Amino acid sequence: MLKSELREQIMQAHTSRYATKAFDPTKKIAEEDWLTIIESARLSPSSFGYEPWKFLLVNNEEIKEGLKEFAGGAINSINGASHFVIALARKNVTIKSDYVRHIVEDVLGAEFAVDSPRSLYFDNFQKHSQQLTDDRALYDWASKQTYIAMANMMTTAALLGIDSCPIEGFNKAKVEAYLSEKGLVDLDKFGVSYMLGLGYRNEPITPKKRQSLDEILEVID
Ligand SMILES: Cc1cc2nc3c(=O)[nH]c(=O)nc-3n(C[C@H](O)[C@H](O)[C@H](O)COP(=O)(O)O)c2cc1C
């Protein structure tokens, strides 16, 4: 493929991606397309490679119906999207956690010790460079990273001609309590970061309204 064609394809994906308000409930995403979308989340970058996330693909209609009460922004997706994802951000990702040990040893294939140069560098980065000194700051740091996976999923979907809707329109505490009560989320380990509907639109696409490039880009020479 020519570079110019690739550019055009990328721009076409970005202009056709929009926050879909009405999905066609009869249209389902092919399994191989879904696997490509979720793979783009799995391969997303994360700070130190610690992947502070988990994704729930909620197929259960009863669970989705129950969410509507606390997630007004998700109702359109729950009603019609082929796939409905809840992204979880991991809590307490620090050198003291078993989770970091697991990632370092089992995923990154390195030796773990709380006083290794890698651990001390990470600890210093969290406490001093980024001032992640309380639970909420640590959670927000993890949550920020989950949005990289969100963007990758939406762009991958758009490239495949699949629509999406990013969702923050929910009461975090109530959704978390609901999912915890259903035994779906361990709140000691995770919080709910966002939701994402994926499927096929049932409405005309909304034209993009954006600031111009010179309003948002400043070049420092
Ligand atoms: C973090 C985030 C949260 C959002 N939450 C919702 C939501 O709860 N419900 C909804 O319908 N749209 C939601 N949106 C969609 C935005 O309103 C939409 O992306 C924005 O207006 C730009 O329009 P476009 O995506 O169609 O270009 C959200 C978008 C982002 C990035």
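Nothing here was measured: the structure is a model prediction, and the numbers come from that model.

Visitor: Before we move on, can you summarise unusual backbone geometry with the specific residues and values?
Guide: Located in the positive-phi region is Glu 51, a residue other than glycine, with phi close to 40°. Inspection of the secondary structure puts Glu 51 in the loop between α2 (31-42) and β1 (53-57).

Visitor: I'd like a rundown of the pattern of salt bridges, residues and numbers included.
Guide: Enumeration over the complete set of coordinates arrives at eight salt bridges. One salt bridge in this structure joins Asp 163 and Arg 201, with 3.2 Å as the shortest N-O distance. Of the two residues, Asp 163 is situated in strand β3 (residues 163-167) and Arg 201 in the loop between β4 (190-199) and α9 (213-216); the sequence distance between them amounts to 38 residues. With a relative accessible area of 6%, Asp 163 lands in the buried category. Under the relative-accessibility criterion, Arg 201 is labelled partly exposed at 32%. When the shortest N-O distance is used, the salt bridge between Lys 172 and Glu 176 registers 2.9 Å. Of the two residues, Lys 172 and Glu 176 are both situated in helix α8 (residues 172-181); the distance of four residues between them amounts to about one turn of the helix.

Visitor: I'd like a description of the site of the ligand, backed by residues and values.
Guide: Taken together, 13 residues form the shell around the ligand, and within it Ala 19, Lys 21, Gly 169, Lys 208 and Arg 210 come nearest. With respect to the ligand, the backbone of Ala 19 contributes an N or O atom lying 2.8 Å from an oxygen atom. Between the ligand and the protein, one listed contact pairs an oxygen atom with a side-chain N or O atom of Arg 210 at 2.9 Å. Against a free-state accessible area of 630 Å², the protein chains account for coverage of 64% of the ligand. With three residues, β3 is the largest single contributor of residues to the shell around the ligand.

Visitor: Tell me about the packing of aromatic side chains, and please be specific about residues and values.
Guide: By the definition in use, this model includes 10 aromatic pairs. On the numbers, 5.2 Å between centres and 55° between planes, the contact of Phe 48 with Phe 125 is tilted. With a gap of 77 residues between them, Phe 48 in the loop between α2 and β1 and Phe 125 in helix α6 (residues 117-129) connect regions that are remote in the sequence. Relative to Tyr 178, the ring of Phe 70 lies with its centre 5.7 Å away and its plane at 55°, an arrangement referred to as tilted. Taken together, the positions of Phe 70 in the loop between α3 (61-67) and α4 (75-80) and Tyr 178 in helix α8 put the pair 108 residues apart, joining distant regions of the chain. Accessibility expressed as a relative area gives 18% for Phe 70, which makes it buried. Overall, the relative accessible area of 11% leaves Tyr 178 in the buried class. An aromatic cluster of three or more residues is present, and its members are Phe 48, Tyr 50, Tyr 121, Phe 122, Phe 125 and Trp 141.

What counts as what
- Residues numbered from 1 in each chain as written.
- Predicted model: local features only at pLDDT ≥ 70, side-chain atom pairs only at ≥ 80, totals over all residues.
- Heavy atoms only, no water.
- Helix = DSSP H or I, 4+ residues; strand = E, 2+ residues; numbered from the N terminus.
- Salt bridge = Lys/Arg side-chain N within 4 Å of Asp/Glu carboxyl O.
- Buried < 20%, exposed > 50% of the residue type's maximum accessible area, 1.4 Å probe, protein only.
- Near = heavy atom within 4 Å.
- Polar contact = N/O pair within 3.5 Å; in protein donor to acceptor, adjacent residues only side chain to side chain.
- Areas by Shrake-Rupley, 256 points an atom, 1.4 Å probe, with all protein chains shown as cover.
- Phe/Tyr/Trp six-rings, centres within 6.5 Å; stacked < 30°, edge-to-face > 60°.

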